[in-house]
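Coordinate analysis (summary)
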Amino acid sequence: MIYPIYIYGSGVLRKECVEIDESYPELPKLIEDMFATMYATEGVGLAAPQIGKDIRLFVVDGTPFAEEDPTAVDFKKVFINPEIYEESDEEVLMSEGCLSVPGIHEDVYRPERIKINYLDENFVEHDEELTGWPARIVQHEYDHLDGFVFTDRLSAIRKTMLRNKLNAMAKGKFSCAYRTKQK
Ligand code: ZN
């Protein structure tokens, strides 16, 4: 099943999401559908709130960046209850977009390297250090679990320049190629 994507202005994108455990109903099916939805919309990451579920879960597949970034090879993963517990002081500027913020791409500063602890789809715990595109994708998706979108991370001046566009988007004025929802 391909889920509709919740768009900027939707309440669920501003929620602090909750942790889940293995008793979460039909989790394997949900994860399968999240990957299907991410591929159908040509995303490299998808967080549960983007399909209307306020739980701490996201999926990623960095394969489209594999040619330019060797660390992105085979970077297809499920993150449940993740915790970023260390960030490098060095920040890097990289271009981001978001399925929930269609039509806007901006350069965003974020830590170059992170350490993260998380559970995979089998509730096996992992502890990893990420850099390059994997670190970037994961930080973007992780933000969604705390109610942030990437435009929140922009400089004050860039935010001011985007304000009208974002306000219009929140009122339903946007266009994109996939099915969306807003409430
Ligand atoms: Zn996003």
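A quick note: this is a predicted structure, and the numbers were derived from the prediction, not measured.

1. Considering the layout of surface pockets
In this structure, the largest pocket encloses a volume near 460 Å³. Together, 24 residues line the largest pocket, and V44, E96, G97, C98 and H105 are the ones closest to its centre. Breaking the lining of the largest pocket down by element, the ones donating at least two residues are β5 (91-96) and α2 (132-145). Top contributing element to the lining of the largest pocket by residue count: α2, with five residues. Residue composition of the lining of the largest pocket, grouped by class: 11 nonpolar, nine polar and four charged.

2. Some thoughts on the environment of I5
As for its placement among the helices and strands, I5 is situated in strand β1 (residues 5-6). With a relative accessible area of 0%, I5 lands in the buried category. The spacing of I5 and K181 is 176 residues in sequence and 5.8 Å in space, taken between C-alpha atoms. Among all residues touching I5, those that are not within four sequence positions of it are T37, T41, L46, Q50, L99, S100, Y178, R179, T180 and K181.

Rules behind the numbers
Residues numbered from 1 in each chain as written. Predicted model: local features only at pLDDT ≥ 70, side-chain atom pairs only at ≥ 80, totals over all residues. Heavy atoms only, no water. 1 Å grid on protein atoms, 1.4 Å probe; cavity = no way out; pocket = protein on both sides within 12 Å on 5 of 7 lines; lining within 4 Å. Points joined across faces, edges and corners; volume = space filled by probe spheres on them. Helix = DSSP H or I, 4+ residues; strand = E, 2+ residues; numbered from the N terminus. Nonpolar A, V, L, I, M, F, W, Y, C, P; charged D, E, K, R; others polar. Buried < 20%, exposed > 50% of the residue type's maximum accessible area, 1.4 Å probe, protein only. Contact = heavy atoms within 4.5 Å.

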